[in-house]
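# A closer look at the structure
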Amino acid sequence: MITLTTDFGTDSPYVAEIKAAIVSVARDARIIDITHAIPPQDIFQAAIVLADVSPRFPPGTIHVAVVDPGVGTDRRLLAASIGGQFYIAADNGVLTGILQDRAADLIMELNRPAYWLDTVSRTFHGRDIMSPVAARLDDGESIANMGVPIDDPLRIDWPLPETNHNEICGEIVRIDNFGNLITNIRGNLLADITADRAVVACGSHQSQGVHSTYGEHSAGTLVAVVGSAGRLELAVVNDSAAERLQVGVGQAVVVSW
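So, here's what we can say about the structure. Since we're looking at a predicted model, the values are computed, not measured. Chains are numbered independently. Their residues run from 1 in the order of the written sequence. Given that this is a predicted model, residues contribute local features only at a pLDDT of at least 70 and side-chain atom pairs are listed and counted only at 80 or more, while totals for whole chains, interfaces and linings are drawn from all residues. Note that the side-chain values use all heavy atoms of the structure and ignore hydrogens as well as water.

## Focus: the packing of helix α1 (residues 13-25) against helix α4 (residues 125-138)
Applicable threshold: Throughout, an axis means a line fitted to C-alpha atoms (over the contacting stretch in the case of helices), and angles, computed between N-to-C directions, take values from 0 to 180 degrees. Secondary structure is summarised from DSSP: a helix means a run of H or I of at least four residues, a strand means a run of E of at least two, and numbering begins at the N terminus for each. Working definition: roughly parallel below 35 degrees, roughly antiparallel above 145 degrees, roughly perpendicular at 65 to 115 degrees, and oblique for all remaining angles. By convention, the crossing between two helices is left-handed when the near helix turns anticlockwise from the far helix through less than a right angle, and right-handed when the turn is clockwise. Residues count as neighbours in contact if any of their non-hydrogen atoms are within 4.5 Å of one another. The residue classification treats Ala, Val, Leu, Ile, Met, Phe, Trp, Tyr, Cys and Pro as nonpolar and Asp, Glu, Lys and Arg as charged. All others, Gly included, are polar.
Remark: α1 packs on α4, axes separated minimally by 8 Å, with the N-to-C direction vectors making an angle of 40°. In this view, α1 runs oblique relative to α4, as classed from their interaxial angle. Crossing angle aside, the handedness with which α1 passes α4 is right-handed. Contact residues: Glu 17, Ile 18, Ala 21, Ile 22 and Val 25 in α1; Gly 126, Arg 127, Ser 131, Pro 132, Ala 135 and Arg 136 in α4. Counted by class, the contact of α1 with α4 contains six nonpolar, two polar and three charged residues.

Written out as structure tokens, the structure reads:
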């Protein structure tokens, strides 16, 4: 199984070219789209999505992440074995979230053209290098044959929440299609807090309590829930919290009790 995460856009023909490169090598490859709606060149958002979504796939899944603003430069391309799954991406920090929680078993710099397409464009390594490598792995080729091992993958700044005596200070790290404000505060940090005592503040807005689902309150109410990714999020029932609160990624969120 091969997954794709890109910033190409949902209607881009580049997605089809990626898939064509894969099935040209591995005709029976099963390809699943995680998303093609990463904001252009937004490495951090790609890293968040990979960290939250990829571990849900079965062992042996191959994840191809093509968010590569440095394409054609001397930045490295990587194939990594992490937590029983494989990741193929540019060495630009897109694997930071995965590596935050899991140690890599092996990371290879892709430097063996025998595994690439015969002709390599300087502007589309996702098609010409990453995809054929993914197809070779899907066909049973060993990751150890793909290049040379490295132990210094690039990491981007990764904001972590800070816990004090009676508060947790985090921030918004992603906004989903519903306008829900997803934070870097994991639900396990809230395990010892009485849910109805917690106050969740974002800018000048506050929500009382951490609720189990959106529908506990009426439409238009600002609520805090631990969402399906295990992260605390702020939502407006049947509306967009991002629009209502007029905040974005990086905005501080504080839980106090």
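## Some details on the environment of Arg 27
Note the cut-off: Only protein chains enter the area calculation, which uses a 1.4 Å probe; residues under 20% of their type maximum are buried, those over 50% are exposed, and those in between are partly exposed.
The residue Arg 27 is located in the loop between α1 and β2 (31-35) in this model. By relative accessible area, Arg 27 is classed as exposed at 71%.

## As for the layout of surface pockets
Inclusion rule: The method works on a 1 Å grid over the protein atoms by themselves. A cavity is a set of points holding a 1.4 Å probe that cannot get out, a pocket is an open set with protein on both sides within 12 Å along at least five of seven lines, and residues with an atom within 4 Å of a point line them. Grid points are joined across faces, edges and corners, and a volume is the space filled by probe spheres set on the points.
Of the voids in this model, the largest pocket is the one considered here, and its volume is about 510 Å³. In terms of lining residues, the largest pocket is bounded by 23 residues, among which Val 49, Arg 174, Ile 175, Asp 176 and Asn 177 are the most central. Secondary structure elements with two or more residues in the lining of the largest pocket: β2, α2 (43-53) and β9 (167-175). Examining the composition of the lining of the largest pocket, we find that five residues originate from one element, α2, more than from any other. By residue class, the composition of the lining of the largest pocket is twelve nonpolar, five polar and six charged. In this model, the second largest pocket occupies a volume close to 280 Å³. Lining the second largest pocket we find 14 residues, and of these Asp 7, Phe 8, Asp 68, Val 71 and Thr 123 sit closest to its centre. Residue composition of the lining of the second largest pocket, grouped by class: eight nonpolar, four polar and two charged.

## A few points about unusual backbone geometry
One non-glycine residue, Gln 41, lies in the positive phi region at around 65°. By the element assignment, Gln 41 lies in the loop between β2 and α2. Positive phi outside glycine occurs at Gln 246, with the angle close to 55°. Inspection of the secondary structure puts Gln 246 in the loop between α5 (241-245) and β15 (252-256).

## Looking at the pattern of salt bridges
For clarity, the threshold we go by: Every case where a carboxyl oxygen of Asp or Glu lies within 4 Å of a side-chain nitrogen of Lys or Arg is listed as a salt bridge.
Scanning the entire structure with this criterion turns up ten salt bridges. As a salt-bridge pair, Arg 186 and Asp 52 come within 3.8 Å of each other at their nearest N and O atoms. Of the two residues, Arg 186 sits in strand β10 (residues 181-186) while Asp 52 sits in helix α2, which places them 134 residues apart along the sequence. Note on Asp 52: relative accessible area 9%, which makes it buried. Salt-bridge contacts for Asp 128 lead to Arg 127; the nearest nitrogen and oxygen are separated by 2.5 Å. Take Asp 128: its relative accessible area is 1%, and that puts it in the buried class. Sharing partners across several salt bridges, the network here consists of Asp 52, Asp 101, Arg 186 and Arg 231.

## Details of the pairing of strand β1 (residues 2-6)
Put simply, the rule is: The criterion for strand pairing is that DSSP finds at least two bridges linking the strands in question. The path from the first strand over the helix to the second decides the hand: if it runs clockwise while the strands point away from the viewer, the crossover is right-handed.
Here β1 lies mainly inside the structure; five of its five residues are buried. The alternating pattern of β1 places Ile 2, Leu 4 and Thr 6 and Thr 3 and Thr 5 on opposite faces, both of which are buried. Pairing of β1 with strand β3 (residues 62-66) involves five bridges; the strand directions are parallel. By the bridge assignment for β3, Thr 3 is matched with His 63. Note that β1 and β2 share four bridges and pair parallel. In the sheet register, Thr 3 faces β2, and the bridge partner there is Ile 32. The parallel pair β1 and β2 is bridged by α1, and the resulting crossover is right-handed.

## Observations concerning the packing of aromatic side chains
Each pair of aromatic rings is reported with the distance of its centres and the angle of its planes. Quick note on the threshold: Within 6.5 Å between ring centres, the rings of Phe, Tyr and Trp (the latter by its six-membered ring) count as paired, and their orientation is classed by plane angle as stacked under 30 degrees, edge-to-face over 60, tilted in between.
As enumerated under the stated definition, the model contains four aromatic pairs in all. With centroids separated by 5.5 Å and ring planes inclined at 70°, the aromatic side chains of Tyr 14 and Phe 124 adopt a geometry described as edge-to-face. On the criterion of sequence distance, the pair formed by Tyr 14 in helix α1 and Phe 124 in the loop between β6 (104-110) and α4 is long-range, its members being 110 residues apart. We classify Tyr 14 as partly exposed; its relative accessible area is 44%. Judged by its relative accessible area of 10%, Phe 124 is buried.

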